[in-house]
Amino acid sequence: MPESMLKIPEAFTPDAVSKLDAEARGLLKRGEDVHLDGSGLTRLDSLGQAFLAALHADAEHQGKRLVVHGLQSEARERLKTIPDTLAEEKPPEPPPSLFESTGAGAYTLLREWRDIALLLSESLYYSTFGRRKSKTVLRGDTVTQMIRLGSTALPIVLLLSSLIGFTLALQSGLQLSKYGAAIFLADGIGISMITEIGPLMTAVILAGRSGSAITAELATMTVQEEVAALQSMAINPLQFLVLPRFWALTVTQPLLTIASALSGIVAGLLVGLLFFDLSVAAFMNQVQQAVRLEYIWQMLVKSVTFAWLIVLIASVKGLAVRGGADAVGRATTACVVTCIFSIVLFDALFSFIFYL
Amino acid sequence: MPMTTDRNTRTQEQAEDVPLRVRGLVAGYGTRKILDGVDVEVPREEIRVILGGSGSGKSTFLRNVMGLEQPWAGSVELFGKPVDWSQGRPPDDSYKRIGVLFQAGALISSLTVEQNVALPLRIHNPGLSDALLRELAWIKLKQVRMEEAGDKMPGELSGGMRKRAGLARALATDPELLFCDEPSAGLDPVTSRSLDDLLLELRETLGITMVVITHELDSIKALADKVTYLSQGKIIFEGTLDEAAHGPQEVQDFLDRTPPDGDGKDEGVMAFNLED
Ligand SMILES: Nc1ncnc2c1ncn2[C@@H]1O[C@H](COP(=O)(O)OP(=O)(O)OP(=O)(O)O)[C@@H](O)[C@H]1O
Ligand SMILES: [Mg+2]
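Treat the numbers as computed from the prediction; the structure is a model and nothing was measured.

**Some thoughts on the packing of helix α6 (residues 154-177) of chain A against helix α7 (residues 185-223) of chain A**
Residues and elements named next belong to chain A.
- Between α6 and α7, whose axes approach to 10 Å, the crossing angle comes to 145°. Pair α6 / α7 crosses with right-handed handedness. Between α6, through Ile 156, Val 157, Leu 160, Ser 161, Ile 164, Gly 165, Leu 168, Ala 169, Ser 172, Gly 173 and Leu 176, and α7, the contact on the second element is made entirely by Leu 185, Ile 189, Ser 192, Met 193, Ile 197, Met 201, Thr 202, Ile 205 and Arg 209.
- Residue classes in the contact of α6 with α7 are distributed as 13 nonpolar, 6 polar and 1 charged.

**Digging into the site of ligand 1**
Residue and element names in this part refer to chain B.
- Around ligand 1, 14 residues are found, and the nearest of them are Ser 54, Gly 55, Lys 58, Ser 59 and Thr 60.
- The contact in question runs from an oxygen atom of ligand 1 to an N or O atom on the side chain of Arg 32, over 2.8 Å.
- Ser 56 is positioned such that a nitrogen or oxygen atom in its backbone is 3.3 Å from an oxygen atom of ligand 1.
- Contact with the protein chains removes 64% of the 630 Å² of surface that ligand 1 exposes when unbound.
- For the shell around ligand 1, the elements supplying multiple residues, two or more each, are β2 (32-42) and α2 (58-65).

**So, the interface of chain A and chain B**
- Every contact between the two is made by 40 residues of chain A and, on the other side, 34 residues of chain B.
- When chain A packs against chain B, close to 3400 Å² is buried across both sides, 58% of that on carbon and sulfur atoms.
- Along the contact surface separating chain A from chain B lie 1 salt bridge.
- In this structure, the salt-bridge partner of A:Glu225 is B:Arg63, at a minimum N-O distance of 2.6 Å.
- The tally of links between chain A and chain B comes to 4 residue pairs in polar contact (both at pLDDT 80 or more).
- Going through the elements one at a time, α2 (46-61), β3 (66-69), α3 (73-79), α4 (98-127) and α8 (226-232) of chain A are the ones with two or more residues in the side of chain A that touches chain B.
- When residues of the side of chain A that touches chain B are assigned to their parent elements, the largest contribution, 6 residues, is made by α8(A).

Basis of the calculations
- Residues numbered from 1 in each chain as written.
- Chains lettered and ligands numbered in written order.
- Predicted model: local features only at pLDDT ≥ 70, side-chain atom pairs only at ≥ 80, totals over all residues.
- Heavy atoms only, no water.
- Axes fitted to C-alpha atoms, helices over the stretch in contact; angles between N-to-C directions.
- Helix = DSSP H or I, 4+ residues; strand = E, 2+ residues; numbered from the N terminus.
- Left-handed = near helix turned anticlockwise from the far one by under 90°.
- Contact = heavy atoms within 4.5 Å.
- Nonpolar A, V, L, I, M, F, W, Y, C, P; charged D, E, K, R; others polar.
- Near = heavy atom within 4 Å.
- Polar contact = N/O pair within 3.5 Å; in protein donor to acceptor, adjacent residues only side chain to side chain.
- Areas by Shrake-Rupley, 256 points an atom, 1.4 Å probe, with all protein chains shown as cover.
- Buried area = accessible area lost by both parts, 1.4 Å probe.
- Salt bridge = Lys/Arg side-chain N within 4 Å of Asp/Glu carboxyl O.

Right, dumping it as structure tokens:
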């Protein structure tokens, strides 16, 4: 009998296993055989089996021996049920090269934008020329979605827009009043709220609020085979799921954007009244002169574009999900990030188109 | 759109005698091949039971056959018409005459059970009144002994109840071809038996053709006209239960109550060095 024998405790408690494991591996590392004294062991449970199996495989791997001494017959029988599977461990796949992963990323991106374009064309088709084809939408669903995705966002849109309008008016007012031109803060607020901040603010809020809701819902439905079930009932998921949301946001987002711009302007007016002694009439007059009709059109074009970006990105992300709950979470995050990124990108494009 | 079809021509009628014809189906997920060349023909009014171990690709077979997943190769014909994937997904009307019970029920989670059952009819027949749809949903729910749960949301149901509601929904459109993925798994013996009886009765009265996946021996015995056994992506047996008794060993083991020792794959045990 070898002198350094590790004693297996009476039962394989987690604590005992960790301790024994460390000691045994220490022996292996020093290049020694491992001898275990199992005479005291009464019950060989699953944890014990796993411990012995892993140790055995390791020892064999390093060309050493694991010897178990004095096992009682019952434990001996249990030992015979350990399958010999650990040996065939596969080497981990090498991570893709930079070249590969860049290519794969670009490919996914391109495919996603192709899907978004397809979805847009189909949505428009089913809303116009394709209307006469048998439509598979629930009556009243668009209204439900308008309330869920649009109206309920009104308070937060109003609150944030007026806060931003307030800050903006105060900042610009302070600078302008140095030149005695505080009245021009009405120009600044009016134009920027209508052409930039209103559409952008609303879009960002709706991307976080409605976009994520759409992705999470559609992704969950996909994962739970509900989308497949719709198809099996000859119900087009695009019509049933995407169209109501598409129209809900197409209608509500411009309205919310108008509300946002108005609340920003009202906040600016308050600032003018409170801090810069402007009169209501002068302020409103100034705003009217500054804001041209085309700005309103720009606002509407922007807000509808952003609405479509949000709905389409969210739907594509949601319907493309494969897997389980973790995939739903990832898709939702990806949706919000992609939405905000594309909104800002398109906003920059619009500036390019409108002002150059 | 009415569910009945015009069967004037002789050839059409012949084709319709085989509601489901699958040829050389190859399918999988990602790069992993699950089915490798499967041929199945199910004639009218037959109940075909698909057998196979867990993970052998039975649900995958159904998903591909129903056009929910695009096969890698091979063709699927429903009622004599090939499922056309050229648009990237099959045309909606290929589903009009089939009903599907998914393994987990797949009820639409934002609708009540009753609305779920009435959904396909409501969508395809906007003219029907709500009262009529309610009545119809109630009848279907009663058939699966679920009439008391009509107002519940799917999230509030047990697994077995979800499945029964799913069946009620699949039956609501009076399909000519019914796919069932494990109709009786997770049900108590009484409900399970009544479900089998219901399926048999539907076949008698309406002549529905069925493709059923099930593991329950009793259900197999009660339902199957013929069984198709999937193993490792291929069909290793097709025939009646009597024939199966003399079929491949794996099929016999499957249909035998007492499973063979081990799990089929003899893996060997770890050889420990023991000393007394
Ligand atoms: N969405 C998926 N993505 C990737 N692999 C999948 C997917 N669904 C199933 N598989 C794999 O395909 C194989 C066959 O699965 P399938 O669901 O068809 O089995 P099954 O025969 O229906 O089993 P069960 O009797 O347990 O329902 C399994 O090995 C499974 O891991
Ligand atoms: Mg399955």
